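# Coordinates in review
Okay, here's what each chain looks like letter by letter:
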Amino acid sequence: MRTVFLNGEYLPADQARVSVLDRGFLLGDGVYEVIPVYQGLPFCLKEHLQRLQRSLDGVRMANPYSLDEWSEIIARLVKENDGDNQAVYLQVTRGVAPRDHVFPEGVEPTAFVMTNPIKPLPAWYKQEGIKAITVNDIRWAQCDIKAITLLPNSLLRQQAQDVGAQEAILIRDGYMTEGSASNSYAVLDGVIYTAPKDEKVLPGITRDVVLALAQAANIPYREQAVSAEQLKQADEIWISSSTRELLPVTSLDGAPVGGGKPGPVWQQLDALYQRRKTEGSV
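Quick look at the structure, then. (Residues numbered from 1 in each chain as written. Predicted model: local features only at pLDDT ≥ 70, side-chain atom pairs only at ≥ 80, totals over all residues. Heavy atoms only, no water.)

### Comments concerning the overall build of the protein
Scanning the protein from N- to C-terminus turns up eight helices and 15 strands. The principal-axis extent of the C-alpha atoms belonging to the protein is close to 55 × 40 × 30 Å. Out of the 282 residues in the protein, the part that is buried amounts to 50%. For the protein, the share of sequence-separated contacts (at least 6 apart) that also reach a separation of at least 24 residues comes to 70%. Accessible surface computed for the protein: about 13,700 Å², of which carbon and sulfur atoms make up 51%. Averaging the coordinates of the 28 positive side-chain charges in the protein and doing the same for the 35 negative ones gives two points 2 Å apart. (Helix = DSSP H or I, 4+ residues; strand = E, 2+ residues; numbered from the N terminus. Buried < 20%, exposed > 50% of the residue type's maximum accessible area, 1.4 Å probe, protein only. Contact = heavy atoms within 4.5 Å. Areas by Shrake-Rupley, 256 points an atom, 1.4 Å probe, with all protein chains shown as cover. Lys, Arg positive; Asp, Glu negative; His and termini not counted. Charge placed at Lys NZ, Arg CZ, Asp CG, Glu CD.)

So this is what it looks like as structure tokens:
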């Protein structure tokens with residue numbers, strides 16, 4: 001049984017208990033992070049914890065631990081759960097209080113952390129590329145906050161699943177925002193495009209790494225929204241996330257993307273990303 005952390009205690013997962021009056025359970029009142037671990041080292045840990053702080057600030061919630069304390073908690077769980085490659089799930093809710101839409105006063109946040117092995121993706125995801133569909137972005141207006149209220153994302157991802165696709169690429173006001181559980185990119189005439197950081201997209205840590213790698217390799221990119229019509233003409237489309245890393249999309253709405261195979265710009269960036277992973281949390 002894997003060890004988890006809950007409100008200051010380390011205990012087996014099947015012994016962890018949260019009150020039914022927790023606002024995360026009743027109202028979805030909380031935020032979260034997912035941090036990949038490679039060879040026992042958290043990847044971009046400081047950046048993930050900084051994003052956690054931004055999310056907490058965005059929902060006016062106190063951070064129960066300092067950066068150093070979170071780092072110690074994560075390091076202990078990674079060690080106790082005996083796995084080189086793991087995904088750390090970290091969640092903070094506003095805590096236990098009578099159900100009310102108004103924020104309670106004097107309530108301690110609920111802090112929960114667990115780790116699970118990172119499941120290897122099917123080899124064909126990279127060899128052949130994945131399928132995606134475009135769907136209307138029905139999510140709320142503060143997607144830059146990594147909130148636990150993920151029902152809209154789940155509905156959109158399920159739409160993709162229902163038609164045999166692996167991701168839904170979201171369109172809002174005629175422009176691509178991101179995937180249902182990822183950031184998204186389009187390559188047009190050799191230039192990488194991805195939506196700018198604003199309230200419509202999550203500021204992805206993997207996204208930041210990808211763009212930094214592109215800059216270092218002199219691959220041009222623009223943080224600029226791509227229209228749904230431009231997306232249909234893209235030479236390449238990708239998605240990225242902490243656990244799925246960087247994946248090529250070779251079929252969009254049933255039509256091939258570019259030549260219908262993973263493109264050269266994705267291949268170059270994926271190779272650079274795989275090398276960057278070995279550097280751990282730096």
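Still more to cover.
### Observations regarding empty space enclosed by the protein
If you roll a probe as big as a water molecule over the atoms, it shows you where there is empty space left. Within the structure shown, the criterion is met by one cavity of 30 Å³ or more. Space inside the largest cavity adds up to approximately 50 Å³. Taken together, Asp 235, Glu 236, Ile 237, Trp 238, Pro 248, Val 249, Thr 250, Val 257, Lys 261, Pro 262, Gly 263 and Trp 266 form the lining of the largest cavity. Elements that contribute at least two residues to the lining of the largest cavity include exactly strand S13 (236-241) and strand S14 (245-252). (1 Å grid on protein atoms, 1.4 Å probe; cavity = no way out; pocket = protein on both sides within 12 Å on 5 of 7 lines; lining within 4 Å. Points joined across faces, edges and corners; volume = space filled by probe spheres on them.)

### So, the layout of surface pockets
Put simply, the largest pocket is a space of about 860 Å³. Along the wall of the largest pocket there are 31 residues; nearest its centre are Tyr 32, Lys 146, Ser 180, Ala 181 and Ser 182. Those elements that place two or more of their residues in the lining of the largest pocket are strand S3 (30-38), helix H5 (151-162), strand S9 (175-179), helix H6 (205-216) and S13. Broken down by element, the lining of the largest pocket gets its largest block of residues, four residues, from H5. Taken together, the residues that form the lining of the largest pocket break down as eleven nonpolar, 14 polar and six charged. (Nonpolar A, V, L, I, M, F, W, Y, C, P; charged D, E, K, R; others polar.)

### A short note on the nonpolar core
Ranked by size, the top nonpolar core spans 22 residues in total, and within it Leu 49, Leu 52, Trp 70, Ile 74, Val 88, Leu 90 and Val 113 carry the most contacts. For this core, the secondary-structure elements that each account for two or more residues are S3, helix H2 (45-58), helix H3 (67-80), strand S5 (86-93) and strand S6 (110-117). Among the elements that line this core, the one with the most residues is H3, at five residues. Setting aside residues no more than four positions away along its own chain, Val 113 makes contact with Val 4, Phe 5, Trp 70, Ile 73, Leu 77, Val 88, Tyr 89 and Leu 90. (Core = buried A, V, L, I, M, F, W, Y, C linked by side-chain atoms within 4.5 Å.)

### A closer look at the side chain of Arg 172
Mapped onto the secondary structure, Arg 172 falls in strand S8 (residues 167-172). Within the local environment of Arg 172, its side chain forms a polar contact with the backbone oxygen of Arg 139, the two atoms lying 3.1 Å apart. When sequence neighbours within four positions are dropped, the list of residues in contact with Arg 172 reads Asp 137, Arg 139, Trp 140, Ala 141, Cys 143, Thr 177 and Lys 200. (Polar contact = N/O pair within 3.5 Å; in protein donor to acceptor, adjacent residues only side chain to side chain.)

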